[in-house]
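Analysis of the macromolecular model
The residues making up each chain are set out below.
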Amino acid sequence: MPRVLLLAVLLVFAAAGCGSDSPPPSRPAAVPLPDGFARVGGISNGLVLAVPTEWRSVDLSKDTFEAELEASGLTGDALQQAKASLQALRKNKAVYAMDPASQAESPDKFVTNLNGFCQPSVGASADALIQIAKEQLTSVNATVSEATSIPLGNRSAVRIRYTLPIKKAVVRGTQFYVPSDKGQTCVVTLSTDLTGKEALFDQIGSTIRPL
């Protein structure tokens, strides 16, 4: 499995973005939209999902993503760090979203965020995919607390929960691996250093739909 999955886990300190790419008009009904949520992602990203309306998103498939970051109000080192971190996911045409209010809640000023992208499938079973993901997470000193297959819409997906120490923070992450009908696997990584976010992450995860 490409090392970009590790980048998706590690590149979580980029701060804020704004704007989003609407999903294709022919597919809006395919995406569950809980009250207070808005769709992000689109055809160019290969997937669509829903996040709370107060979150902000950046579409890394667009050449204007740096301008979207600048419009968010980031300046100085924080802006440069965000640009550098998200560049690593540009080739995967990822979608990035974050909760701007979480930075004030976090003792380490960590921003609760997600990134999602699709890549060619390795054709592995759920059990094999879980094993590969656990090995990769362990290799970067993450501790996996859960790895299981879950129902997602009309298909099965894999959900993995882990903790990962980065600098002063302990990141609590949830990853979803969702197979598409086009021979791809869509990977969505949600990260926070706050407690009690599992229910929200599961609600977001339940809306993931490959395109």
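Definitions and limits used
- Residues numbered from 1 in each chain as written.
- Predicted model: local features only at pLDDT ≥ 70, side-chain atom pairs only at ≥ 80, totals over all residues.
- Heavy atoms only, no water.
- Helix = DSSP H or I, 4+ residues; strand = E, 2+ residues; numbered from the N terminus.
- Polar contact = N/O pair within 3.5 Å; in protein donor to acceptor, adjacent residues only side chain to side chain.
- Contact = heavy atoms within 4.5 Å.
- Pairing = 2+ DSSP bridges.
- Axes fitted to C-alpha atoms, helices over the stretch in contact; angles between N-to-C directions.
- Buried < 20%, exposed > 50% of the residue type's maximum accessible area, 1.4 Å probe, protein only.
- Core = buried A, V, L, I, M, F, W, Y, C linked by side-chain atoms within 4.5 Å.
- pLDDT = per-residue confidence, 0-100.
- Disulfide = S-S within 2.5 Å.

**Considerations on the side chain of Arg 161**
Along the polypeptide, Arg 161 turns up in strand β7 (residues 155-166). One polar contact links Arg 161 to Thr 174, side chain to side chain, over a distance of 3.1 Å. Side-chain polar atoms of Arg 161 contact the side chain of Asp 202, separated by 2.7 Å. Discounting residues that sit within four places of it in the chain, Arg 161 has contacts with Thr 143, Val 144, Ser 145, Glu 146, Gly 173, Thr 174, Glu 198 and Asp 202.

**Regarding the environment of Gln 203**
Assignment of secondary structure puts Gln 203 in helix α6 (residues 198-205). Counting along the chain gives 170 residues from Gln 203 to Leu 33, while the straight-line C-alpha distance between them is 10.0 Å. Those residues in contact with Gln 203, other than ones at most four positions away along the chain, are Pro 34 and Phe 37.

**Considering the sheet that holds strand β8 (residues 169-179)**
Strand order in the open sheet made by the seven strands is β3-β4-β5-β9-β8-β7-β6, with antiparallel pairing throughout. Where the open sheet ends on each side, the last strands, each with one partner, are β3 (56-59) and β6 (143-152). Between one strand axis and the next, the sheet turns by 20 degrees as a mean value, whatever way the strands run. Two strands pair when backbone bridges link them, and β3 and strand β4 (residues 95-98) are joined in this way by four bridges, in the antiparallel orientation. Note that in β4 the partner of Val 58 across the bridge is Tyr 96. Helix-sheet contacts for helix α5 (residues 126-139) involve β6, β7 and β8, and the interaxial angle to β6 is about 150 degrees. The sheet strands contacting α6 are β5 (113-120), β6, β7, β8 and β9 (184-192), and the helix crosses β8 at an angle near 25 degrees.

**Looking at unusual backbone geometry**
The phi angle of most residues is negative, glycine excepted, and most peptide bonds adopt the trans form. Phi angles above zero are rare outside glycine, and Lys 93 is one such case at about 55 degrees. Locating Lys 93 in the fold gives a position in the loop between α3 (76-87) and β4. Judged by its relative accessible area of 44%, Lys 93 falls in the partly exposed class.

**Considerations on the nonpolar core**
Within the largest apolar cluster, 27 residues are counted, with the highest numbers of intra-cluster contacts made by Leu 60, Ile 160, Leu 164 and Tyr 177. For this core, the leading source of residues is β7, giving five residues. Formed by 22 residues, the second largest nonpolar core is a distinct cluster that contains Leu 47, Cys 118, Val 178 and Ile 204.

**Quick word on the confidence of the model for the protein**
Taken as a whole, the protein shows an average pLDDT of 79; of its residues, 81% reach a score of 70 or greater. Mean pLDDT across the elements of the protein bottoms out in helix α1 (residues 4-10) (42) and peaks in α6 (96). In the model, residues 1-7 has pLDDT below 50 throughout and makes 22 contacts with residues more than four positions away in sequence or in other chains. In the model, residues 9-29 has pLDDT below 50 throughout and makes 71 contacts with residues more than four positions away in sequence or in other chains.

**Examining the pairing of strand β1 (residues 37-42)**
Sheet analysis places β1 next to strand β2 (residues 47-52), joined by six bridges and oriented antiparallel. Among the inter-strand pairings, Gly 41 is bridged to a residue of β2, identified as Val 48.

**With respect to the state of the cysteines**
Here a disulfide denotes a covalent bond joining the sulfur atom of one cysteine to the sulfur atom of another. In this structure the tally under the stated criterion is one disulfide. Across a sulfur-sulfur distance of 2.0 Å, Cys 118 and Cys 186 are joined as a disulfide pair. Taking the torsion about the S-S bond as the criterion, the Cys 118 to Cys 186 disulfide, at about 95 degrees, is right-handed. In this pair, Cys 118 sits in strand β5 while Cys 186 sits in strand β9, placing the two residues 68 residues apart along the sequence.

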